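Letter by letter, the chains look like this.
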Amino acid sequence: MAKFVIAGSSSCPYFAKTELLADQLAINLPHFEIHKIVKPQEQWLTWLQDVCDKNKWAHGKSPIIWRELVDRGGKGLLIGGFNDFMEYAQCYYGVSSSVMTDLMLKMKAENEKTTKEKLKEEEDLRNLSKPIHVCITNASSQTAYNLIASVASGEVFGKGVEISLRLFDTRENLKRLHGVEMEAVDLAYPLLRKIVSTPDIEVAFKDATAVVFLDEVSFQNEKGQTDSRSSWLERNAKLFQVYGVALNSYALPEVKVIVSGKGPINFNTHVLVDTATNLSKQNIVAASRLQERRMRAIIARRLKINSVGVKDAIVWGDCAYDGAERTHADVSIARCHGYDGAVWGPEWFSRSAVEMIHDDKWLSDEFVSELKSHHEDMNGILNHETSTSSASALSSLMRDWFQGTGNGEIYSLGVESEGWYGVKGCVFSLPVKFDSAGSYQVVWDIAISEEAKRKIAELEIQLKKDIMEVFPEQVQIEEQKVFGDNSETPVLHESATKPLADKLEIIEEENENSNEGETKEEAGDESTEKINTDEEI
């Protein structure tokens, strides 16, 4: 069987004449097959150069004809241009072309018209489907596995928004990714237009609308040894600097970026903000919603209500799944819906969580202790890392950010703080509200106690220590105004203008003095009690 490929520019009259002769041969010879390639004039030279480079041919004009070696395989046999094909047809098949010039020009015009119509059809078809590109890194993880269904179903980005999903991971994990890819296709979600597994960062981030970074840097180094925290932070910094450069180069300027997982999540997000300078810093956040949901669940269990009924619980500080040690769990303005008490009201009616719990000791001791141990307790019971709840918290955050809420509810989100509540120069979990347009604003006017102010200042130092380990020149302590104080003369905490190391010492000294005062007070109470007892005797 002879299979010939004829290719040319739509504006070339000699291509039209070659095409007509090839059609005549195909009609008269049962084993003569032709394949036609027509390119618009503006694309022709680039396409021709690529074909010649690939096959190591020397040819510079339209048309080009070659014979495919169907039986033997391998590189095709170049015949040449128009005159070469005419001579080939005459020698091998005894056929020549008798097409007149005016007919040849008419065929050229028809080719141009047909090519333009075909290109328009293809463009119209592409316009019917414009999926947004969503990238998930460390996509072989269990969290990514559980997140895919929410993203592909339309739950996150809304009805009618088509998704092109990029699963990014190392080459060693590609086999697993292909399995995840196959299962995602089996879901048969109509909005999932395409899914690509790749170790190529350009492919993963190209024109991305959303990028979700999951846990990636193990505390174990390449030799399998436990790394020092300083070395671990340096490895995180190097990786996220690479990601920041890639976001600048390949992602859409308005891309929304979420960093989630365990470890130095605030630090990694700060590195991204510092590196991906083409992006708005408001579009790079750290997810603290899982910590927030755990807070709500503990309160809900205490009050015997559904955890969805607990609103406005705030996580200050660290955003990591396992970061409860470096957070302040604030329920001072939290409210409860659906509490089965003496007072009832409509669906929107709520009551203060603190009032309903009515146990300050439980809130300051058991509640905080349970929140700090929750992650390890869950992992111990399950015998693996929690993934369903972390994926659900991520999809919930993405849905609120992309679709908006407009319900006035306060959530927790890790953002590069610009001085809110005295915190500046690091990523910090703060209270935010999502509006109906799909953006968020930090809620900056919540009145908090002196104790909460002290804890927030201490958490800021702890989080900045990570930055100082790798980027000591970045850490500068700014003057801190009283939280929520709008007076013209701000009152500064004693540590506000001190260097970072001194600032921590001041706060620790305050804690010690406070503890000593409490001890003396308790001792005084005991002495008084003893005197009174003696008098009674």
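Residues numbered from 1 in each chain as written. Predicted model: local features only at pLDDT ≥ 70, side-chain atom pairs only at ≥ 80, totals over all residues. Heavy atoms only, no water.

**Description of the overall build of the protein**
Regarding its fold elements, the protein presents 16 helices and 18 strands. Within the span of the protein, comprising 537 residues, buried residues form 47% of the whole. In the protein, the share of contacts with a sequence separation of at least 24, taken over all contacts with a separation of at least 6, comes to 68%. Accessible surface, the protein: about 28200 Å² in total, of which carbon and sulfur atoms supply 50%. (Helix = DSSP H or I, 4+ residues; strand = E, 2+ residues; numbered from the N terminus. Buried < 20%, exposed > 50% of the residue type's maximum accessible area, 1.4 Å probe, protein only. Contact = heavy atoms within 4.5 Å. Areas by Shrake-Rupley, 256 points an atom, 1.4 Å probe, with all protein chains shown as cover.)

**What to know about a nonpolar patch on the surface**
A surface patch of nonpolar side chains, about 290 Å² in accessible area, is lined by M378, I381 and L382. Considering the arrangement of structural elements, one finds L382 in helix α13 (residues 366-382). (Patch = residues over 30% accessible without salt bridge, like charges linked within 9 Å, V, L, I, M, F, W, Y side chains within 5 Å. Salt bridge = Lys/Arg side-chain N within 4 Å of Asp/Glu carboxyl O.)

**Let's talk about the confidence of the model for the protein**
Per-residue confidence for the protein gives a mean pLDDT of 82, with 80% of residues at or over 70. Low pLDDT, under 50, characterises residues 477-501; the stretch is placed with 47 contacts to residues that sit more than four places away or in other chains. Ignoring residues within four places in sequence, the model shows residues 526-537, a span with pLDDT below 50, making zero contacts including any to other chains. (pLDDT = per-residue confidence, 0-100.)

**Description of unusual backbone geometry**
Between S62 and P63 the backbone carries a cis peptide bond, its omega angle lying at 0°. In this structure, P63 sits in the loop between α2 (41-55) and β3 (64-68).

**Describing the nonpolar core**
L165, F213 and L247 are the most contacted members of the largest nonpolar core, which has 88 residues in total. Beyond its immediate stretch of four places on either side in the chain, L165 contacts V134, I136, I148, V151, L192, K194, I195 and V196. (Core = buried A, V, L, I, M, F, W, Y, C linked by side-chain atoms within 4.5 Å.)

**Here we look at the sheet that holds strand β15 (residues 351-352)**
In space, the three strands of this open sheet follow the order β11-β14-β15, with antiparallel pairing throughout. The open sheet has two edge strands, β11 (310-311) and β15, and neither has a second partner. Both strand β14 (residues 335-336) and β15 contribute to a ladder of two bridges, which runs antiparallel. Paired with C336 across the bridge in β15 is R351. (Pairing = 2+ DSSP bridges.)

**A few points about the packing of aromatic side chains**
Enumeration according to the criterion identifies 24 aromatic pairs in this entry. With a centroid separation of 6.3 Å and an interplanar angle of 75°, the aromatic rings of F168 and Y243 are classed as edge-to-face. Pair noted here: F168 is in strand β6 (residues 163-168) and Y243 is in helix α8 (residues 229-250), with a separation of 75 residues, a long-range link. Under the relative-accessibility criterion, F168 is labelled buried at 9%. Take Y243: its relative accessible area is 3%, and that puts it in the buried class. (Phe/Tyr/Trp six-rings, centres within 6.5 Å; stacked < 30°, edge-to-face > 60°.)

**Overview of helix α9 (residues 265-275)**
Judged by how many residues are buried, α9 sits mostly within the fold: 10 of 11 residues are covered. If you check which residues of α9 are buried, you get I265, N266, F267, N268, T269, H270, V271, L272, V273 and T275.

**Some details on the packing of α8 against helix α15 (residues 450-470)**
Relative orientation and spacing of two packed helices are given, respectively, by the angle between their axes and the distance between those axes. Where α8 contacts α15, the axes come no closer than 9 Å and their chain directions differ by 80°. Between α8 and α15, the crossing angle belongs to the class labelled roughly perpendicular. Between α8 and α15, the contacting residues are R229, S230, L233, E234 and A237 on the first element and D466, E469 and V470 on the second. Each residue belonging to the contact of α8 with α15 can be placed in one class, and the counts come to three nonpolar, one polar and four charged. (Axes fitted to C-alpha atoms, helices over the stretch in contact; angles between N-to-C directions. Parallel < 35°, antiparallel > 145°, perpendicular 65-115°, else oblique. Nonpolar A, V, L, I, M, F, W, Y, C, P; charged D, E, K, R; others polar.)

**What about the packing of helix α5 (residues 142-153) against helix α14 (residues 388-403)?**
Taken N-terminus to C-terminus, the directions of α5 and α14 make an angle of 40°; their axes are 8 Å apart at the nearest point. Accordingly, the angle class assigned to the pair α5 and α14 is oblique. Seen from above, α5 lies across α14 with right-handed handedness. Contacts between α5 and α14 involve T143, N146, L147, S150 and V151 on the former and, on the latter, T388, S390, A391, L394, S395 and M398. For the contact of α5 with α14, a count of residues per class yields five nonpolar, six polar and no charged. (Left-handed = near helix turned anticlockwise from the far one by under 90°.)

**Let's talk about the side chain of S141**
Take S141: it is sitting in the loop between β5 (132-137) and α5. Residue S141 is classed as buried on the basis of its relative accessible area of 17%. A polar contact of 2.9 Å, which involves the side chain of S141, links it to the backbone oxygen of N138. (Polar contact = N/O pair within 3.5 Å; in protein donor to acceptor, adjacent residues only side chain to side chain.)

**Overview of the pattern of salt bridges**
A complete count under the given rule lists 20 salt bridges for this structure. The residue R296 makes a salt bridge to E292 at a minimum N-O spacing of 3.2 Å. A residue pair is termed a helical-turn pair when its members lie 3 or 4 positions apart in one helix, as R296 and E292 do in helix α10 (residues 289-303) at four residues. For the residue pair R296 and E292, the accessibility class agrees, reading buried in each case.

**Overview of the pairing of strand β8 (residues 208-213)**
Within β8, six of the six residues are buried, leaving the element largely enclosed by the surrounding structure. In this structure, β5 lies alongside β8, joined through four bridges in parallel fashion. Bridged to V134 within β8 is A210. In this structure, β8 lies alongside strand β9 (residues 256-259), joined through four bridges in parallel fashion. Residue pairing for β9: A210 is matched across the bridge by K256.

**Overview of the environment of I136**
Here I136 lies in strand β5. Taking the C-alpha atoms as reference, I136 lies 8.3 Å from A204; in sequence the two are 68 residues apart. In this structure, I136 is in contact with A144, L147, I148, L165, R166, L167, F168, V212 and L214, ignoring residues within four places of it in sequence.

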